[in-house]
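Coordinate analysis (summary)
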Number of protein chains: 2
Amino acid sequence: MVTGTSPRYDYEHDGAAIYRQSFATIRAEADLAAFPADLEHVVVRMIHACGMVDLPADVEASPGLVGVARAALRAGAPVLCDARMVASGITRRRLPADNEIVCALGDEGVPELAARLGTTRSAAALELWGDRLAGAVVAVGNAPTALFHLLELLGAGAPRPAAVLGLPVGFVGAAESKRALADNPFDLPYLVVHGRRGGSAMTVAAVNAIASEAL
Amino acid sequence: MVTGTSPRYDYEHDGAAIYRQSFATIRAEADLAAFPADLEHVVVRMIHACGMVDLPADVEASPGLVGVARAALRAGAPVLCDARMVASGITRRRLPADNEIVCALGDEGVPELAARLGTTRSAAALELWGDRLAGAVVAVGNAPTALFHLLELLGAGAPRPAAVLGLPVGFVGAAESKRALADNPFDLPYLVVHGRRGGSAMTVAAVNAIASEAL
């Protein structure tokens, strides 16, 4: 540390070059062999968002997931999110049909609804998705309770979404809720990152990667 | 998979209990011994946001970082963010002085400014922070180029922020920019996660944890 001097920093300034180098590093270091080409592209973006090349070991998707989710977006499906950060990170201009992005967590009635249902606000907010659930792309990037509650709604006869990206993060229920999604008895197309890892950045990367070739 | 049945899911529904159990697991599994009490609280929240108990090995902060950042927030400092997801994740009601949250990345002039400066939009957007840099809390959760550019601005005589949370993520420049922040010759208080890991969720968790006891 030399106080009073102006250090010079040598780094890549070109956004396109940064992307190219990043993806080259990811493809060199990560084991992507298990994925079909369209899913591989999505997993590369997810790794890019978290900086961890060991992510693929925890990624699981139902067959044809990316195609199904992409077709839904093309058909105008809304993207239903459990967290504001997920909703805010989705790149609007990549969406093929000016798709609606919904996060009901901040809606007025949610705290009261959560108290009445005896659950978290993240789970209660799903009740406000209503009919939009039919054919939607669901992106759960934060709350395990939201993912569990989605499965309960489907068990009770709620309309089926087109695909569920289930990437809640954390220590209580995250791994279990993603296991339950992967084992769901509703033939529900899914993408999960098993275990504790997940979160809004990874979820946003998945949505944006799926959307990017749906235009 | 048993199609046609309604599975029942056994999981914790109580938000407060989920937090308690999460933090207990983190404290049981993570090695937090290196941190003073106020920083430990922040690191626990960062682990909570990413699901990884091995995070502490990569965390470094300047002495007194949390106190300095907290005092700045109490004094009304703005929070200057490099990414929209960071800005959107900060819990407004936890901020002690109705602090301004700034992300200039989407501002009109940014693409042109980036082209003129020969850098990324994330780095160019910092130019629009202007005088707000003096005494601010800076939260870089996405772009290494933003963190490098901040250090360059300071080298050129820009007013000093109160504290910099440097947690850009990725494969090109992320580790290097955080090393440069930790080695900065400006006596700039900092918090970093060394290496490739970082990102908006971790950054938001740090800001919210610092803010939570500043009220």
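Everything numeric here is computed off the predicted structure, so don't read it as measured data. (Residues numbered from 1 in each chain as written. Chains lettered and ligands numbered in written order. Predicted model: local features only at pLDDT ≥ 70, side-chain atom pairs only at ≥ 80, totals over all residues. Heavy atoms only, no water.)

Points about the interface of chain B and chain A
Taken residue by residue, the interface counts 53 residues in chain B and 54 residues in chain A. In this structure, the connection of chain B to chain A is made through two salt bridges. Where Glu 29 of chain B meets Arg 196 of chain A, a salt bridge forms, and the shortest distance between an N and an O atom there is 2.9 Å. Scanning the region where chain B abuts chain A turns up seven residue pairs in polar contact (both at pLDDT 80 or more). Broken down by secondary-structure element, the contributors of at least two residues to the side of chain B that touches chain A are α1 (15-29), α2 (37-50), α4 (84-89), α7 (144-155) and α9 (200-212) of chain B. With seven residues, the single largest contributor to the side of chain B that touches chain A is α1 of chain B. Considered class by class, the residues forming the side of chain B that touches chain A number 24 nonpolar, 22 polar and seven charged. (Contact = heavy atoms within 4.5 Å. Salt bridge = Lys/Arg side-chain N within 4 Å of Asp/Glu carboxyl O. Polar contact = N/O pair within 3.5 Å; in protein donor to acceptor, adjacent residues only side chain to side chain. Helix = DSSP H or I, 4+ residues; strand = E, 2+ residues; numbered from the N terminus. Nonpolar A, V, L, I, M, F, W, Y, C, P; charged D, E, K, R; others polar.)

Points about the packing of helix α3 (residues 65-74) of chain A against helix α9 (residues 200-212) of chain A
Residue and element names in this part refer to chain A. Where α3 contacts α9, the axes come no closer than 9 Å and their chain directions differ by 75°. Here α9 runs roughly perpendicular to α3, going by the angle between their axes. Packed against α3, whose contacting residues are Leu 65, Val 66, Ala 69, Arg 70 and Leu 73, the element α9 presents Ala 209, Ile 210 and Ala 211 at the interface. Partitioned by chemical class, the residues of the contact of α3 with α9 number seven nonpolar, no polar and one charged. (Axes fitted to C-alpha atoms, helices over the stretch in contact; angles between N-to-C directions. Parallel < 35°, antiparallel > 145°, perpendicular 65-115°, else oblique.)

Quick look at the relation of the copies chain B and chain A
With an axial shift of 0.0 Å and an RMSD of 0.0 Å, the rotation relating chain B to chain A amounts to 180°. Each copy turns onto its partner about a two-fold axis. When C-alpha positions in chain B are compared against the rotation axis, the closest is assigned to Met 85 of chain B, at 2.7 Å. An overlap of 100% is found between the interface residues of chain B and their copies at the interface of chain A, pointing to a shared contact surface. (Least-squares fit on C-alpha atoms with pLDDT ≥ 70 in both.)

A look at empty space enclosed by the protein
Going through the model one piece at a time under the given rule, you end up with one cavity of 30 Å³ or more. Of all the secondary structure elements, the ones that give two or more residues to the lining of the largest cavity are α2 (37-50) and α9 of chain A together with α2 and α9 of chain B. Taken together, the residues that form the lining of the largest cavity break down as 10 nonpolar, six polar and one charged. (1 Å grid on protein atoms, 1.4 Å probe; cavity = no way out; pocket = protein on both sides within 12 Å on 5 of 7 lines; lining within 4 Å. Points joined across faces, edges and corners; volume = space filled by probe spheres on them.)

Considerations on unusual backbone geometry
Across residues other than glycine, the phi torsion is negative in most instances, and most of the peptide bonds are trans. All names here are of chain A. Even without being glycine, Asp 187 reaches a positive phi, approximately 60°. As for its placement among the helices and strands, Asp 187 is situated in the loop between α8 (174-182) and β6 (190-193). For Asp 187, a relative accessible area of 52% gives the class exposed. (Buried < 20%, exposed > 50% of the residue type's maximum accessible area, 1.4 Å probe, protein only.)

A few points about the packing of aromatic side chains
Under the counting rule described, the total for this entry stands at six aromatic pairs over all chains. Ring geometry for Tyr 19 of chain A versus Phe 23 of chain A: centroids 5.7 Å apart, planes at 45°, classification tilted. Taken together, the positions of Tyr 19 of chain A and Phe 23 of chain A, both in helix α1 (residues 15-29) and four residues apart, correspond to about one turn of that helix. According to the relative accessible area criterion, Phe 23 of chain A is buried, its value standing at 17%. Their ring planes at 15° and their centres at 4.3 Å tell us that Phe 148 of chain A and Tyr 11 of chain B sit as a pair that is stacked. (Phe/Tyr/Trp six-rings, centres within 6.5 Å; stacked < 30°, edge-to-face > 60°.)

So, the side chain of Ser 122 of chain A
By secondary structure assignment, the location of Ser 122 of chain A is in helix α6 (residues 121-124). Those residues in contact with Ser 122 of chain A, other than ones at most four positions away along the chain, are Leu 105, Ala 143, Thr 145 and Ala 146 of chain A.

Digging into the environment of Leu 167 of chain B
Residue and element names in this part refer to chain B. Relative to the elements of secondary structure, Leu 167 occurs in the loop between β5 (163-166) and α8 (174-182). A relative accessible area of 0% places Leu 167 in the buried class. It is 4.7 Å that separates the C-alpha atoms of Leu 167 and Gly 198, two residues lying 31 residues apart in sequence. What Leu 167 contacts, discounting residues up to four positions off in sequence, is Met 46, Val 140, Gly 141, Lys 178, Leu 191, Val 193, Gly 198, Gly 199, Met 202 and Thr 203.

So, a positive patch on the surface
Positive charge collects at one region of the surface, where Arg 84 and Arg 121 of chain A together with Arg 92 and Arg 93 of chain B lie side by side. With respect to the element layout, Arg 121 of chain A can be found in helix α6. (Patch = residues over 30% accessible without salt bridge, like charges linked within 9 Å, V, L, I, M, F, W, Y side chains within 5 Å. Areas by Shrake-Rupley, 256 points an atom, 1.4 Å probe, with all protein chains shown as cover. Lys, Arg positive; Asp, Glu negative; His and termini not counted. Charge placed at Lys NZ, Arg CZ, Asp CG, Glu CD.)

Things to note about the pattern of salt bridges
Applying the stated criterion across every chain, the model contains 14 salt bridges over all chains. Between Glu 40 of chain A and Arg 27 of chain A there is a salt bridge, with its nearest N and O atoms 2.3 Å apart. Of the two residues, Glu 40 of chain A is situated in helix α2 and Arg 27 of chain A in helix α1; the sequence distance between them amounts to 13 residues. Taking the relative accessible area as the measure of exposure, Glu 40 of chain A reaches 21% and is therefore partly exposed. Asp 54 of chain B is the salt-bridge partner of Arg 197 of chain B, the closest N and O atoms lying 2.8 Å from each other.

A few points about the UniProt feature "domain: Cobalamin biosynthesis precorrin-8X methylmutase CobH/CbiC" (unreviewed entry) in chain A
Under the UniProt annotation, the feature "domain: Cobalamin biosynthesis precorrin-8X methylmutase CobH/CbiC" (unreviewed entry) is placed at residues 18-212 of chain A. Along residues 18-212 of chain A, the helical share is 45% and the strand share 10%, with 18 Å between the first and last C-alpha atoms. (UniProt positions renumbered as here; feature names shortened; annotations may be inferred.)

As for the sheet that holds strand β1 (residues 59-61) of chain A
Residues and elements named next belong to chain A. Across the sheet, six strands lie side by side as β1-β6-β5-β4-β2-β3; this open sheet has mixed pairing. Pairing within the sheet leaves two strands with one partner each, and these edge strands are β1 and β3 (101-102). Pairing of strand β2 (residues 79-81) with β3 involves two bridges; the strand directions are parallel. For Val 79, the partnering residue across the bridge sits in β3 and is Ile 101. Relative to the sheet, α8 contacts β1, β5 (163-166) and β6, its axis offset from that of β6 by approximately 150°. (Pairing = 2+ DSSP bridges.)

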